[in-house]
Amino acid sequence: GVLVCIEAQPRVFETLKLNMNSYSNCHILNCIVSNNLSIPNGVNLLEFFNKNPGGNCTYKINKNTNSMFKVETTTLDTIQEMLNIIPNVVKINVNSDNYAVVQGMARVLKSYKPKLYISKNKDFEKIESLLYGIGYQSKFIGNNTTFFES
């Protein structure tokens with residue numbers, strides 16, 4: 001199998017690369033995954049809060065401070081096509097918008113029906129509705145995570 005790891009925060013991305021570099025079947029990408037519907041030129045600014053270097057990043061557009069950095073924004077559909085892989089399982093746990101990530105994998109969901117592990121957040125009902133509409137069923141598995149399969 002192939003493992004694709006995606007991390008937006010550059011410092012965490014570098015640590016991820018160090019930890020995963022011995023695995024030949026691993027693709028490590030420094031980007032934001034979203035639906036790409038409202039991101040100009042596929043690049044976004046991400047604000048990093050120093051209190052927690054492993055997380056707590058938020059999208060910010062047209063702001064320029066020392067705590068901000070540019071990160072490419074793409075979709076899981078685009079990543080799947082670029083790497084020419086067929087996903088069996090996808091785990092989604094982003095701080096701000098899991099729904100946009102799911103929207104950005106519409107083709108993958110319809111074509112390959114991967115199993116999904118999704119952390120609950122503010123838009124979880126919209127995610128459930130979208131997935132139920134294309135034949136997925138869900139099961140809460142604990143630790144704020146729900147498992148979906150078609």
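Residues numbered from 1 in each chain as written. Predicted model: local features only at pLDDT ≥ 70, side-chain atom pairs only at ≥ 80, totals over all residues. Heavy atoms only, no water.

Quick notes on the environment of Asp97
If you trace the backbone, Asp97 turns up in the loop between strand 7 (89-92) and helix 3 (98-103). Taking relative accessible area as the criterion, Asp97 reaches 23% and is therefore assigned partly exposed. Sequence-wise, Asp97 and Ser34 are 63 residues apart; in three dimensions their C-alpha atoms are separated by 7.8 Å. Ignoring anything within four residues of it in the chain, the contact list for Asp97 reads Asn121 and Asp123. Within the structure, the side chain of Asp97 is placed 3.2 Å from the backbone nitrogen of Ala100, a separation counted as a polar contact. (Helix = DSSP H or I, 4+ residues; strand = E, 2+ residues; numbered from the N terminus. Buried < 20%, exposed > 50% of the residue type's maximum accessible area, 1.4 Å probe, protein only. Contact = heavy atoms within 4.5 Å. Polar contact = N/O pair within 3.5 Å; in protein donor to acceptor, adjacent residues only side chain to side chain.)

Description of the environment of Val94
Its place among the elements puts Val94 in the loop between strand 7 and helix 3. Taking C-alpha positions, Val94 is 9.0 Å from Asn121, a pair spaced 27 residues apart along the chain. Apart from the residues within four sequence positions on either side, Val94 is in contact with Val101 and Asn121.

Description of the nonpolar core
The biggest cluster of nonpolar side chains holds 22 residues, and the ones touching the most others in it are Met105, Leu116, Ile118 and Leu131. For this core, the elements supplying multiple residues, two or more each, are helix 2 (76-83), strand 7, helix 3, helix 4 (106-112), strand 8 (115-119) and helix 5 (124-133). Filtering out sequence-adjacent residues up to four positions away, Leu116 remains in contact with Val90, Met105, Leu109, Leu131, Tyr136, Thr146, Phe147 and Phe148. In this structure, Cys5, Phe13, Met20 and Cys26 belong to the second largest nonpolar core, which totals five residues. (Core = buried A, V, L, I, M, F, W, Y, C linked by side-chain atoms within 4.5 Å.)

Let's talk about the pattern of salt bridges
Within this structure, the stated rule accounts for three salt bridges. The partner of Glu14 in a salt bridge is Lys17, with the nearest N and O atoms 3.4 Å apart. Residue Glu14 and its partner Lys17 are located together in helix 1 (residues 10-20), separated by three residues, close to a single helical turn. Given the relative accessible area of 40%, Glu14 is considered partly exposed. (Salt bridge = Lys/Arg side-chain N within 4 Å of Asp/Glu carboxyl O.)

Some points on the sheet that holds strand 9 (residues 137-142)
Taken in spatial order, the four strands line up as 7-8-10-9 in an open sheet, and their pairing is mixed. Strands at the two margins of the open sheet, each flanked by one partner only, are strand 7 and strand 9. The mean angle between the axes of side-by-side strands here comes to 20 degrees, regardless of whether they run parallel or antiparallel. With four bridges joining them, strand 8 and strand 10 (residues 145-149) adopt antiparallel strand pairing. (Pairing = 2+ DSSP bridges. Axes fitted to C-alpha atoms, helices over the stretch in contact; angles between N-to-C directions.)

Things to note about the pairing of strand 7
Residues Val90 and Ile92 line the buried face of strand 7, whereas the alternating positions Val89 and Lys91 sit on a face that is not buried. Relative to strand 8, strand 7 runs parallel, the two sharing four bridges. Residue pairing in the sheet places Val90 in a bridge with Leu116 of strand 8.

Quick notes on the side chain of Ser119
With respect to the helices and strands, the residue Ser119 is situated in strand 8. For Ser119, the residues in contact, after removing those within four places along its chain, are Ile92, Asn93, Asn98, Phe124, Asn144 and Thr145.

Re unusual backbone geometry
Located in the positive-phi region is Asn84, a residue other than glycine, with phi close to 55 degrees. Its location among the elements puts Asn84 in the loop between helix 2 and strand 7. With relative accessibility at 67%, the residue Asn84 sits in the exposed group. Unlike most non-glycine residues, Asn143 shows phi in positive territory, near 50 degrees. Mapped onto the secondary structure, Asn143 falls in the loop between strand 9 and strand 10.

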